[in-house]
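# Summary of the model geometry
Residues per chain are reported as follows:
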Amino acid sequence: MATTSLPANIKADTNSTSHTLNASYVVYGAGTATEVRSKLADVLGTDSNFKTLTATASDYSKYIGNGATTTDAAMISSVAIAPSDPGSGVKVNIKKYDGQDNITQVTAQQYAMVAQMAGVNDVTIVVTANRAVSGESALTGVYKALAQDGITLNTTDTATANQMLDATQQAINENKDDSAYAGKLMAAVGDTTKEIAKQKQDGQTLTREDIQQLLNEALQKHDIANQTSQNAVNNIINVLIKFENSPISLSKDYLENVTNTIDNVKNSTGDLMNKVKDWANSDAAKETVQKAKNIFTQFIEWIKSFFN
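Residues numbered from 1 in each chain as written. Predicted model: local features only at pLDDT ≥ 70, side-chain atom pairs only at ≥ 80, totals over all residues. Heavy atoms only, no water.

## Regarding the packing of aromatic side chains
Here is the rule we go by: Any Phe, Tyr or Trp ring, taking Trp's six-membered ring, that has another such ring centre within 6.5 Å forms a pair; planes under 30 degrees apart are called stacked, those over 60 apart edge-to-face, and the others tilted. Under the scheme used here, helices are H or I runs from DSSP no shorter than 4 residues and strands are E runs no shorter than 2 residues, and both carry numbers assigned from the N terminus. For the exposure calls, accessible area comes from a 1.4 Å probe over protein chains only, and a residue counts as buried if that area is under 20% of its type's maximum, exposed if over 50%, partly exposed in between. Whether a charge sits over a ring depends on NZ of Lys or CZ of Arg being within 6 Å of the ring centre and within 35 degrees of the ring normal.
Following the criterion strictly, the structure yields two aromatic pairs and no others. Considering the side-chain rings of Phe243 and Tyr254, the 5.5 Å spacing of their centres and the 50 degrees angle between planes classify their relative orientation as tilted. Of the two residues, Phe243 is situated in helix H8 (residues 230–244) and Tyr254 in helix H9 (residues 252–266); the sequence distance between them amounts to eleven residues. What makes Tyr254 buried here is its relative accessible area of 2%. When the ring centre of Tyr97 is taken as reference, the NZ or CZ atom of Lys39 above it lies at 4.8 Å.

In structure tokens form, the structure reads like this:
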């Protein structure tokens, strides 16, 4: 991945310094009618400080890749993205629209780890939709916002990351009655990607059997090996092989930052991964609260709006 001169959260495959976003963004799906966008903004908790973009079918094809296509009318999910506390990783909140859970499949934990696999770091992402959708295309808006912030995304990374949404869906559906399962599974996926990247950067070549062993060990570590079907495991392995061949597996920044998101997802349940107390009690937050015009102060106010 090649970075521009502007700071952002997508990393090149070098040992570059981590940066945060320059701005906060709200990205509406192209299929959302103009008249519902003000309500979507209310649900997402955005205001005039958020730059507005639209995610189109063309963006979907660009960032999801692998020949996948859709239409503008099918782009329903909308997202907001804002810089978070440095070192905080990725956290995702899924918000109800008119009291309805319209993101019907993808979990907050899936979004968070998949975004990390694409190269995103130190942000909070909020997702909603004004009608029922699976949610698989929601991260298109995140990728577009980061590109707008000055980054040329590597579409191999974003496409591989999004394939992990599909790959993990079967296992999560099979364990829908276990509220902790999605977080444990995505932590296991994160642990495996971290070990794959570490070994690859040490000059090792991993076979399918190597990757399967790493994943099995991670599933056992998080105590879900017996809950995860072999077919679901195979689906995940297929994408982990693609991750091993993706540019981000050579990124030292990925190794440095993925643990933060693993920590976020492994103990989280439900749709709200980022809660006010989690961020506001950090040392960095206490310092930035004193700076009224600092972007992180705006971020705290944005997070607080979720609970009003």
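Alright, that's what it looks like, and here's the rest.
## A few points about the packing of helix H6 (residues 181–201) against H8
Applicable threshold: The convention used is that axes are lines fitted to C-alpha atoms, helices contributing only their stretch in contact, and that angles between N-to-C directions extend from 0 to 180 degrees. Crossings are sorted by hand: turned counterclockwise from the far helix by less than a right angle, the near helix makes the crossing left-handed, and turned clockwise it makes it right-handed. A contact between two residues is defined here by any heavy atoms of the two lying within 4.5 Å. Polar here means any residue other than Ala, Val, Leu, Ile, Met, Phe, Trp, Tyr, Cys and Pro, which are nonpolar, and Asp, Glu, Lys and Arg, which are charged; Gly is therefore polar.
Where H6 contacts H8, the axes come no closer than 10 Å and their chain directions differ by 35 degrees. Crossing hand, H6 versus H8: right-handed. When H6 is examined against H8, the residues Leu185, Val189, Thr192, Thr193, Ile196, Ala197 and Lys200 are found in contact with a partner set consisting of Ile236, Leu240, Phe243 and Glu244. Classifying every residue of the contact of H6 with H8 gives seven nonpolar, two polar and two charged.

## Digging into the sheet that holds strand E4 (residues 78–83)
Going by this rule: Being paired, for any two strands, means DSSP has found at least two bridges between them.
As summarised here, the arrangement of the five strands in space is E3-E2-E4-E6-E5, forming an open sheet in which the pairing is mixed. What marks the edges here is a single partner per strand, and that holds for strand E3 (50–55) and strand E5 (90–94). When strand polarity is set aside, the average angle formed by the axes of neighbouring strands in this sheet is 20 degrees. Across the sheet, helix H3 (residues 108–118) lies against E5 and strand E6 (123–128), angled at about 145 degrees from E5, the strand it touches most.

## Quick notes on the side chain of Asp59
Here Asp59 lies in helix H2 (residues 57–64). If sequence neighbours within four positions are ignored, Asp59 has contacts with Thr54, Ile64, Thr140 and Lys144.

## Remarks on the pairing of E6
Rule in force here: Look down the strands so they point away from you; if going from the first strand over the helix to the second traces a clockwise path, that crossover is right-handed.
Within E6, six of the six residues are buried, which leaves the element mostly enclosed by the surrounding structure. Residues Val123, Ile125 and Val127 of E6 are buried on one face, and the alternating residues Thr124, Val126 and Thr128, pointing to the opposite face, are buried as well. As paired elements, E4 and E6 share six bridges and run antiparallel to each other. Residue pairing for E6: Val79 is matched across the bridge by Val127. Pairing geometry for E5 and E6, over five bridges, is parallel. When the bridges of E6 are listed, Asn93 appears paired with Val126. Crossover connection from E5 via H3 to parallel E6: handedness left-handed.

## Let's talk about the pattern of salt bridges
Convention followed: Salt bridges are identified by distance alone: a Lys or Arg side-chain nitrogen within 4 Å of an Asp or Glu carboxyl oxygen.
Enumeration according to the criterion identifies five salt bridges in this entry. Across the salt bridge formed by Lys39 and Asp98, the nearest N and O atoms sit 2.2 Å from each other. Within this pair, whereas Lys39 is found in helix H1 (residues 37–44), its partner Asp98 is found in the loop between E5 and H3, the two being separated by 59 residues in sequence. By relative accessible area, Asp98 is classed as exposed at 54%. Linking Lys266 and Asp263 is a salt bridge whose minimum nitrogen-to-oxygen distance equals 3.5 Å. Taken together, the positions of Lys266 and Asp263, both in helix H9 and three residues apart, correspond to about one turn of that helix.

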